[in-house]
Amino acid sequence: MLEPREGIPPVIADADALAGVIAAFAAGSGPVAVDAERASGYRYGQRAYLVQLRREGAGTALIDPVACPDLSGLGDALKDAEWVLHAATQDLPCLREIGMVPTRLFDTELAGRLAGFPRVGLGAMVEGVLGFTLEKGHSAVDWSTRPLPEPWLRYAALDVELLVDLRDALEKELDRQGKLEWARQEFDAIAAAPPAEPRKDPWRRTSGMHKVRRRRQLAVVRELWQARDRIAQRRDVSPGKVIGDAAIVEAALALPPNVHALAQLTGFGRVNRRQLEQWQAAVDRARALPEAELPQPGQPVTGPPPPRAWADKDPVAAARLAAARSAVSALAEELNMPQENLIAPDTVRRVCWEPPAPADAGSVSAALAAHGARPWQVEQVTPVLVAALSAQE
């Protein structure tokens, strides 16, 4: 089993130690490996509870962002460096919260997808590309635990130990396949992307929502979800630890008239009386809403309808989409990469629903670019889309 080359470094948890790390990493050379550990499933939100870095000339650093919540000085010191992350879009939001924002990056997971690797988890990539086995037993632990146990810290240090080596090997492989420029365009797009907008009506993502059809029941889901979210935020725990999605849906379907009826439901059977009253109050608020204030079923849809509805709404468009999907699938197989990395499925749907007229290379290229496709994607996908669209005219 692989061990950290310099042993497990001490966790940085005060301003003086952080200043030393900033100086060391600013003086280091080459790319910097970056990783962050969250406490998903345990704590509210997606904040970072440990940040790991490694750079040539600086070694490995483990930083506690609870004790050192402002890492903007470190981010500034590394602003000219290329950051190497695995599945960058997962870590960038929590890194941004503590002041760490890259200007250039290399995403080893995305590189693996573009290069056609069947398994792109960090452990699988390190083993398949570099021949080392990483310990992967602590990815789902509660990283808000203090002090962090030594085996967890060893795991965390190893996550950045070989990341730059993996980056170098993947760069060579992408270059060999003629895909390095494609990868660079993808990485630049990730680095330049603005923070994601907050989700509209996040309560609609409650698991099991497909069972809830009536507007009054939807209102119960909304009230219970919002009450749960407030409690979870106040307690700093994962919402699922307050009450499960299944219980919310169960209550919405049953519309219990009182606490006694609520207590009979499976998801509320072990809830104490005071908490039951709190949940029943949320149900009662939904039951008392005037008809005009009840949520509408489904969300306002921007863009094309769901593909399953195309055959009824517009059979010609449905035929276009089938031809386009088939062509994109064949091209993705030929290029040895997942279809969704070749071109976003939503982009294909939008172009097929409202195709440019005439559907020639220039107009299709412009349409793809307008929907956010990178230049390499436009170049690869335009010919097959033109052929698919033209065949259905």
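Residues numbered from 1 in each chain as written. Predicted model: local features only at pLDDT ≥ 70, side-chain atom pairs only at ≥ 80, totals over all residues. Heavy atoms only, no water.

How do you make sense of the overall build of the protein when you look at a structure like this?
The secondary structure content of the protein amounts to 19 helices and six strands. With the principal axes as the frame, the protein shows a C-alpha extent of 65 × 65 × 35 Å. Out of the 393 residues in the protein, the part that is buried amounts to 45%. Surface summary for the protein: the accessible area is close to 19300 Å², and the carbon and sulfur share equals 51%. The distance from the centre of the 46 positive side-chain charges to the centre of the 51 negative ones in the protein is 9 Å. (Helix = DSSP H or I, 4+ residues; strand = E, 2+ residues; numbered from the N terminus. Buried < 20%, exposed > 50% of the residue type's maximum accessible area, 1.4 Å probe, protein only. Areas by Shrake-Rupley, 256 points an atom, 1.4 Å probe, with all protein chains shown as cover. Lys, Arg positive; Asp, Glu negative; His and termini not counted. Charge placed at Lys NZ, Arg CZ, Asp CG, Glu CD.)

Sorry if this is basic, but what is going on with the sheet that holds strand S5 (residues 82–85) here?
Note: strands within a sheet are paired through backbone hydrogen bonds, in either parallel or antiparallel orientation. Taken together, the six strands give an open sheet; going across it, the order is S1-S4-S3-S2-S5-S6, and neighbouring strands pair in mixed fashion. Only two strands of the sheet have a single partner each, and these edge strands are strand S1 (11–12) and strand S6 (104–107). Bridge count between strand S2 (residues 29–38) and S5: two bridges; the pairing is parallel. For valine 32, the partnering residue across the bridge sits in S5 and is tryptophan 83. (Pairing = 2+ DSSP bridges.)

What should I look at first to understand the packing of helix H8 (residues 180–192) against helix H19 (residues 375–391) in this one?
Relative orientation of the contacting elements H8 and H19 amounts to 125°, with a least axis distance of 8 Å. Judged by the angle between their axes, H8 and H19 are oblique. Of the residues in H19, those in contact with Trp182, Gln185 and Glu186 of H8 are Pro375, Trp376, Gln377 and Gln380. For the contact of H8 with H19, the residue count by class is three nonpolar, three polar and one charged. (Axes fitted to C-alpha atoms, helices over the stretch in contact; angles between N-to-C directions. Parallel < 35°, antiparallel > 145°, perpendicular 65-115°, else oblique. Contact = heavy atoms within 4.5 Å. Nonpolar A, V, L, I, M, F, W, Y, C, P; charged D, E, K, R; others polar.)

Explain the nonpolar core to me, please; I cannot follow it from the model alone.
Most often, soluble globular proteins keep nonpolar side chains buried together rather than apart. If you look at the biggest cluster of nonpolar residues, it comprises 78 residues, and the most contacted ones within it are Val51, Leu53, Ile63, Leu342 and Leu368. Other than its neighbours up to four places away in sequence, leucine 53 contacts Phe25, Val32, Ala33, Val34, Gly59, Thr60, Ala61, Ile63, Leu74, Leu78, Met100 and Val160. Membership of the second largest hydrophobic core comes to 32 residues, among which are Ala219, Ile243, Val249 and Ala282. (Core = buried A, V, L, I, M, F, W, Y, C linked by side-chain atoms within 4.5 Å.)

Could you clarify how one ought to interpret the environment of aspartate 14 in this entry?
With respect to the secondary-structure elements, aspartate 14 resides in the loop between S1 and helix H1 (15–27). Look at aspartate 14 and you get partly exposed, because its relative accessible area is 39%. On a C-alpha basis, the gap between aspartate 14 and glycine 267 in space is 44 Å, while along the polypeptide they are 253 residues apart.

Would you mind going over the pattern of salt bridges with me for this structure?
Where charged atoms from two side chains of opposite charge come close, those side chains can pair. Tallying each qualifying case throughout the model produces 19 salt bridges. Residue arginine 113 pairs with glutamate 109 through a salt bridge whose shortest N-O separation is 3.4 Å. Linking arginine 113 with glutamate 109, this pair stays in helix H4 (residues 108–114), spanning four residues, or about one helical turn. Taking relative accessible area as the criterion, glutamate 109 reaches 17% and is therefore assigned buried. One salt bridge connects aspartate 201 with arginine 204, and the closest N-O pair in it is separated by 3.3 Å. (Salt bridge = Lys/Arg side-chain N within 4 Å of Asp/Glu carboxyl O.)

How do you make sense of the packing of helix H9 (residues 215–235) against helix H11 (residues 245–254) when you look at a structure like this?
Packed helices, taken two at a time, are described by the angle between their axes plus the distance between the axes. Packing of H9 against H11 brings their axes to within 8 Å, and their N-to-C directions diverge by 145°. Once H9 is placed against H11, the crossing between them reads as right-handed. Listed contacts from H11 to Gln217, Val220, Val221, Leu224, Trp225 and Arg228 of H9 are Asp245, Ile248, Ala251, Ala252 and Leu253. Each residue belonging to the contact of H9 with H11 can be placed in one class, and the counts come to eight nonpolar, one polar and two charged. (Left-handed = near helix turned anticlockwise from the far one by under 90°.)

Before we go on, may I ask you to explain the environment of valine 271 in this structure?
Of note, valine 271 is situated in the loop between helix H12 (259–263) and helix H13 (273–288). The spacing of valine 271 and valine 164 is 107 residues in sequence and 49 Å in space, taken between C-alpha atoms.

Looking at this structure, how should I read the UniProt feature "domain: HRDC" (unreviewed entry) in the protein?
This chain's UniProt record puts "domain: HRDC" (unreviewed entry) on residues 214–293. Its end C-alpha atoms 13 Å apart, residues 214–293 is made of 70% helix and 0% strand. (UniProt positions renumbered as here; feature names shortened; annotations may be inferred.)

What is the right way to read the packing of aromatic side chains from this model?
Tallying each qualifying case throughout the model produces five aromatic pairs. Put simply, the rings of Trp143, Trp152 and Tyr155 pair up and form one aromatic cluster. (Phe/Tyr/Trp six-rings, centres within 6.5 Å; stacked < 30°, edge-to-face > 60°.)

Explain H19 to me, please; I cannot follow it from the model alone.
Residues separated by three or four positions in an α-helix point in the same direction, a consequence of the helix having 3.6 residues per turn. Its 17 residues give H19 an end-to-end C-alpha distance of 24 Å, which sits within 8% of 24 Å, the value for a rise of 1.5 Å per residue. The largest bend in H19 amounts to roughly 40° and is located at valine 381, with the proline proline 383 lying one to four residues further along. Of all the positions in H19, only Trp376, Gln377, Val378, Val381, Thr382, Leu385, Val386, Ala388 and Leu389 are classed as buried. On its buried face, H19 is in contact with H4, H8, helix H15 (315–335), helix H16 (339–342), helix H17 (345–353) and helix H18 (361–370). (Expected span 1.5 Å × (residues − 1). Bend = angle between axes of the 7 residues up to and from the residue.)

Explain the pairing of strand S4 (residues 59–63) here, please?
For a regular strand, side chains alternate in direction, first toward one face of the sheet and then toward the other. When you tally the buried positions in S4, you get five out of five residues, the bulk of the element. The pairing of strand S3 (residues 48–56) with S4 spans five bridges and is antiparallel. Each residue of the ladder has a partner; that of valine 51, found in S4, is isoleucine 63. A loop of two residues connects S3 with S4, the two strands running antiparallel in sequence, and glycine 57 in this loop sits at a positive phi of about 90°.

Explain helix H3 (residues 88–97) to me, please; I cannot follow it from the model alone.
Among the residues of H3, those classed as buried are Ala88, Asp91, Leu92, Cys94 and Leu95. Residues of H3 that are buried in the fold lie against S2, S3, S5, S6 and H8. Just downstream of H3 lies glycine 99, where phi reads positive at about 95°.

How should I be thinking about the pairing of S5 in this particular structure?
Alternating positions in S5 separate into two faces, Glu82 and Val84 on one and Trp83 and Leu85 on the other, with burial throughout. When S5 meets S6, the two strands line up parallel, connected through four bridges. Paired with tryptophan 83 across the two strands is leucine 105, which belongs to S6. After leaving S5, the chain enters H3 and then returns to the sheet as S6, a path that is right-handed. (Right-handed = clockwise from strand over helix to strand, strands pointing away.)

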